[in-house]
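In case you want the letters, here they are:
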Amino acid sequence: MKKQNTFIVALAVTAAVCAVFWLILAAPGYSGNAINMTRGVTRQSLLNYELHMIVLWICVVIGVLVFSAMFVSIVLHRKSRGHQAAKFTHSTKAEIVWSIIPVLILVVMAVPATRSLIVMEVAPETEMTIKITGFQWRWKYEYLEDDIQFISSLAAESNAARMLHSGIDPATVDNYLLDVDRRLVLPTNTKVKFLITADDVLHSWWVPSLGWKRDAVPGFINEAWTEITQPGVYRGQCAELCGKDHGFMPIVLEALPPVEYGQWVSQKRREGAQAEIEAQRLWTLQELMIHGQSVYAVQCATCHQSDGSGLAPAFPALAGSAVATGPVDEHIDVVLNGRDGTAMQAWGKMLSDSDLAAALTYTRNAFGNNTGDLVQPQTVARIKNG
Amino acid sequence: MQMNTAIDSALRKVTDTHDFQQRRLRAVRTAWILAAMAVLIFVAFVLSGVLAD
Amino acid sequence: MSSKNMHDHAVDAHEDHHDHKPAGFLDRWLFTTNHKDIGTLYLVFSLTMFLIGGLMAMVIRAELFMPGLQLVEPDFFNQMTTMHALVMVFGAVMPAWVGFANWMIPMMIGAPDMALPRMNNWSFWILPFAFVMLLSTLFMESGGPAAGWTLYPPLSLQGGQSFAFVVFSVHMMGISSIMGSINVISTILNMRAPGMTLLRMPLFVWTWLITAFLLIAVMPVLAGAVTMLLTDHFFGTSFFNAAGGGDPIMFQHIFWFFGHPEVYIMILPAFGVVSEIIPTFSRKPLFGYAAMVYATASIAFLSFIVWAHHMFTVGMPLTGELFFMYATMLIAVPTGVKVFNWVSTMWHGSMTFEPPMLFAIGFVVLFTIGGMSGLMLAIASVDLQYHDTYFVVAHFHYVLVPGSVFALMAGTYYWLPKWTGRMYSERWAKIHFWLSAVSVNVLFFPQHYLGLAGMPRRIPDYSVQFADFNMISSMGGFVFGLSQLIFVGVIVHCVYKSRQAADGRVWEGAKGLEWTLSSPPPYHSFNTPPAINSSTVAHADEYSH
């Protein structure tokens, strides 16, 4: 008799714990945390949300039925209540029924699942194309029709706060780890095609509000499409493990109404033209050092550290390094083309000549390297073009 | 248990002389066949990789 | 020639059998050919690995306790997630099931020992070397593997010198598993007592027979995949390198052709154990024995044609995605049959709730939750949202921890008195159950929310919007981790301290050949074949007619 009471008390306690846990923590109004899939801002995301809810509720109903049967049995058919065991060992009828009903439920699920998958995968006629390339650990966006391209990296503020023992409270950083230096800007109500690939390892491009993710595979190009219905800023992250900073390559997408988007495109083009002029002129050491420090902080410091001390053994120190204090041309070559078999990437295809020149000048003169060398954008361009 | 009379009557018919020794020898044969299977699968997959390359 | 040698060895092994244990420590353990001693070695090894892997999980949960990096660098974090998975899958769960197979299969089918006792010794003693090698990589200059247990190239190829050690240790684990499986199949097919027909075998034996076939079919595939990685890394081939004409996605196909059957390798023996325990404590035969066997076989078959559901985001053709989606959804049918049959076994039983039964019931409920999130993940379209998020982490931990691991604990509490001849503290075992059952849900349930809200897996740090649920999950994790020390305590107490003797039957409702032996059983289980009749057979096809 005593044992039976213990069991009931224990069961009740568990049930109470679960209920309290559910009520306090799952009530979104209390915690402010999202607990469900987003409805998103595309037809695909809405279809997926609805499909998710249909399947979830079917599972919940089946679960409630099965578990109720089990708990009824646990409460009533106990030896301590004097219940005698029945002798039945099978029932062909029941077994046929509970094989066929699940098949029917699956068919019911499969219909919307198939329809939704076709919408995901079969792209309609699209109006513009963005090529997305994943790098360790940043994204490159190319607007194929508009000749705009840029690299999008983790915002400097988040990057500083996320360092081990940084002493910065993440709660004080806006959109901690979900903010970038340059946003991907897209027009609303426009069918956009994405061509997704990677340069080094696998990545996966995922903005939950669009309703899908797609792997970026080096050497192969995957296609996806979207049509965003509401202007706004939508955030996501790389979803495929891609090395040490996998958690630190966010995606920020800003959807603008077509008119504003047009203005953004022309502004970007003006900036591009300006950058070309900048790349033609000679820079002073001070200009290169100031610009170089900011480029270094965002692009290089992740591995080589902001004080140039590196992270042994994979990421060598730049302070006093043979490359950074050696012949200029070899240094430029390493930065432009990367080092095979290491995490050092070919930065030539990611950064502008001015950025490269500035970062090179900075690393040759900071951290006590004091070579006094000055690398001009023109020099970088000359070596880049052989 | 009455419901089990089927199994009991079926078992009375078993007249197997049980020789562990002989069974172990048979087990060794089974083992070689299974090992060959494992090696074949390994070779097949690596070969398919080589051919696809 | 070599086949002749094997015969001779088998003969020796047989003639060596006396009814007393070898005297010296080395003779007893290092050179043992006894199925029980080897089973014990497997179980002790697995428990050790469970604790080491658990420690790594504690590092992961501690770092994820709050946003920001407090304890470890991201690269070390990735080494922890990778090693945690490799150690738990290959070091804890798989060897534990082989340990159970070694202990129980000969006793359940009425055999004196496994069919190939010397190979049995080998298949165990390879394992400690494999894992010393694997764990040693953590102390190497380049650090351990950090590309996830799936070892996807090209990332895994960026690993340093430790990569070769990882590949060789995977080879050794594979060889160990294959030898273990060959032994299990040879034993079951050849060593059954007269009258122990296939359809009278206990379900645990059935599920292991099927598992062993799965292992022999897929471990060589994994070996092939990692061998190709090895040659890509060190010998300049380009199986998976697009620049050299290879395809990184090809690795994923090969890996998951191994990987999906692998997850059933970890869960099928769990189905077997639960199917033994529920009838015992319901005092009622298993409902639908034959259906259970056929359901297990169908699940095993389906496991070979669903692998690409792990790859819905890699850019497969639409028809491929549809095929893998439908095939995956089908698995719900035989799995459902199993759950319904367990509930029907309890229905109108005469139940008691000793620790094994508690864990078995916990298994049925929580495994079903994991199975349902699995069904959700099968829907390819929505998987484009779920994939690689914490929703997936929650899903597979539900099927592995309160699934496989709970079944392992249920099995331990069920057979421990049989193994040792002593009763353990049921009171502490129950405390262990309740702490584990509550904390495992606090640990993994909020991870569903995290995944749905958009938190990717395998990240060392996260946006502050995920902070609350991560903290709850970590607290659940710490409690769950500490509760397992009770498990260790109960076992150690039972083996060394307990004075309460267990009789042969141990549990009132227990049926099956193993309970006809004394507790602890004689060193060579059945030297003469036992009589098979309705009082010694737990299940039989005849019962369901």
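Definitions and limits used
Residues numbered from 1 in each chain as written. Chains lettered and ligands numbered in written order. Predicted model: local features only at pLDDT ≥ 70, side-chain atom pairs only at ≥ 80, totals over all residues. Helix = DSSP H or I, 4+ residues; strand = E, 2+ residues; numbered from the N terminus. Buried ≥ 20, exposed ≤ 12 C-beta atoms within 10 Å, placed from the backbone. Rg over C-alpha atoms; globule rule 2.2 N^0.38 Å. Contact = placed C-beta atoms within 7 Å. Pairing = 2+ DSSP bridges. Axes fitted to C-alpha atoms, helices over the stretch in contact; angles between N-to-C directions. Core = buried A, V, L, I, M, F, W, Y, C linked by C-beta atoms within 7 Å. Parallel < 35°, antiparallel > 145°, perpendicular 65-115°, else oblique. Left-handed = near helix turned anticlockwise from the far one by under 90°. Nonpolar A, V, L, I, M, F, W, Y, C, P; charged D, E, K, R; others polar. Expected span 1.5 Å × (residues − 1). Bend = angle between axes of the 7 residues up to and from the residue. pLDDT = per-residue confidence, 0-100. Arc of directions from axis to C-beta.

## Quick notes on the overall build of chain B
Of regular secondary structure, chain B possesses two helices and zero strands. Expressed as a percentage of its 53 residues, the buried residues of chain B come to 21%.

## Some points on the overall build of chain C
Helix and strand counts for chain C stand at 16 helices and zero strands. Its C-alpha atoms give chain C a radius of gyration of 23 Å, near enough to 24 Å, the size a compact globule of 545 residues would have. Along the first, second and third principal axes, the C-alpha atoms of chain C reach 65 × 60 × 50 Å. Here chain C holds 545 residues, and 66% of them are scored as buried. Long-range contacts, defined here as pairs at least 24 residues apart, represent 83% of the contacts in chain C between residues at least 6 apart.

## Structural notes on the sheet that holds strand β7 (residues 212-216) of chain A
Residue and element names in this part refer to chain A. Ordered in space as β4-β10-β9-β6-β7, the five strands form an open sheet in which the pairing is mixed. Two strands lie at the open edges of the sheet, namely β4 (184-187) and β7, each paired on one side alone. Direction aside, neighbouring strands of the sheet carry axes that sit 25° apart on average. For β4 and strand β10 (residues 250-256), the ladder comprises four bridges, and the chain directions are parallel.

## Here's the deal with the pairing of strand β8 (residues 222-226) of chain A
All names here are of chain A. For β8, the tally of buried residues reaches four of five residues, placing the bulk of the element in the interior. Taken together, the five bridges between strand β5 (residues 192-198) and β8 define a ladder with antiparallel strand orientation. Bridge pairing links Val 192 to Thr 226 in β8.

## Thoughts on the nonpolar core
In a soluble, globular protein the nonpolar side chains are often hidden away together inside. Counting 272 residues, the largest nonpolar core has C:Ile109, C:Val205, C:Ala225, C:Val274, C:Ala360, C:Phe363 and C:Ala410 as the members making the most contacts within it. Beyond its immediate stretch of four places on either side in the chain, C:Ile109 contacts C:Ile188, C:Met191, C:Arg192, C:Ala193, C:Met196, C:Met201 and C:Val205. Counting residues in each nonpolar core, the second largest holds 17 residues, with A:Ile332, A:Ala357, A:Tyr362 and A:Val380 among its members.

## Looking at the packing of helix α7 (residues 203-234) of chain C against helix α9 (residues 289-302) of chain C
All names here are of chain C. As a packed pair, α7 and α9 sit with axes 10 Å apart at the nearest point and diverge in direction by 15°. Put simply, α7 runs roughly parallel to α9. Classified by chirality, the crossing of α9 by α7 is right-handed. For the pair α7 and α9, contact is made by Leu 203, Trp 206, Thr 207, Ile 210 and Leu 214 and by Met 292, Val 293, Thr 296, Ala 297 and Ala 300, respectively. For the contact of α7 with α9, the class distribution of residues is eight nonpolar, two polar and no charged.

## What about the packing of helix α15 (residues 426-453) of chain C against helix α16 (residues 467-497) of chain C?
Any two packed helices are characterised by how steeply their axes cross, that is the angle between the axes, and by the distance between the axes. Residues and elements named next belong to chain C. Contact geometry for α15 and α16: axes closest at 8 Å, N-to-C directions at 155°. Considering their axes alone, α15 and α16 lie roughly antiparallel with respect to each other. Remark: the crossing between α15 and α16 carries left-handed chirality.

## Structural notes on the interface of chain A and chain C
Listed as interface residues are 87 residues of chain A and, on the opposing side, 86 residues of chain C. Only α1 (2-26), α3 (43-76), α4 (92-121) and β7 of chain A provide two or more residues apiece to the side of chain A that touches chain C. With 15 residues, α4(A) is the single largest residue contributor to the side of chain A that touches chain C. Looking at the side of chain A that touches chain C residue by residue, the classes come out as 51 nonpolar, 24 polar and 12 charged.

## Topic: unusual backbone geometry
Put simply, A:Gln136 and A:Trp137 share a cis peptide bond, and its omega is 5°. Here A:Trp137 is to be found in the loop between β1 (128-135) and β2 (138-143). Between C:Pro153 and the following residue, C:Pro154, the backbone shows a cis peptide bond with an omega angle of 0°. Looking at the element boundaries, C:Pro154 is found in the loop between α5 (117-136) and α6 (162-190). One non-glycine residue, A:Phe367, lies in the positive phi region at around 50°. Assignment of secondary structure puts A:Phe367 in the loop between α10 (353-365) and α11 (377-384).

## Examining helix α7 (residues 285-304) of chain A
Residues and elements named next belong to chain A. Here α7 is 20 residues long, yet its end C-alpha atoms lie only 22 Å apart, well below the 28 Å a rise of 1.5 Å per residue gives. At Ala 297, α7 is deflected by roughly 50°, the largest bend along its length. Within α7 the residues assigned to the buried category are Leu 288, Gly 292, Val 295, Tyr 296, Gln 299, Cys 300, Thr 302, Cys 303 and His 304. Contacts made by the buried residues of α7 are with α10. Of the residues flanking the end of α7, it is Gln 305, one or two places downstream, whose phi is positive at about 70°.

## What about the confidence of the model for chain B?
Confidence along chain B averages 72 in pLDDT terms, with 62% of residues attaining 70 or more. Here residues 10-16 of chain B scores under 50 on pLDDT; set against residues more than four positions off or in separate chains, the count is seven contacts.

## Some details on the sheet that holds β8(A)
Residues and elements named next belong to chain A. With respect to topology, five strands assemble into an open sheet ordered β3-β2-β1-β5-β8, the strand pairing being mixed. Since the sheet does not close on itself, it has two edges, and those belong to β3 (148-152) and β8, each with one partner. Averaged over all pairs of adjacent strands, the angle between their axes in this sheet comes to 20°, without regard to strand direction.

## Considering the pairing of β3(A)
Residue and element names in this part refer to chain A. Note: β2 against β3, five bridges, orientation antiparallel. Residue pairing in the sheet places Tyr 141 in a bridge with Phe 150 of β3. The loop that links β2 with its antiparallel partner β3 comprises four residues; one of these, Asp 147, has a positive phi angle of about 55°.

## A closer look at helix α9 (residues 328-337) of chain A
Helical geometry note: an α-helix holds 3.6 residues per turn, so side chains three or four residues apart project in the same direction. Residues and elements named next belong to chain A. The complete set of buried residues in α9 reads His 331, Ile 332 and Val 335. Buried residues of α9 fall within an arc of 100° about the axis and therefore sit on the same side. Among the exposed residues of α9, those oriented more than 90 degrees off its buried face are Asp 329 and Glu 330. Where α9 ends, the next residue or the one after it, Gly 338, has phi of about 75°, a positive value.

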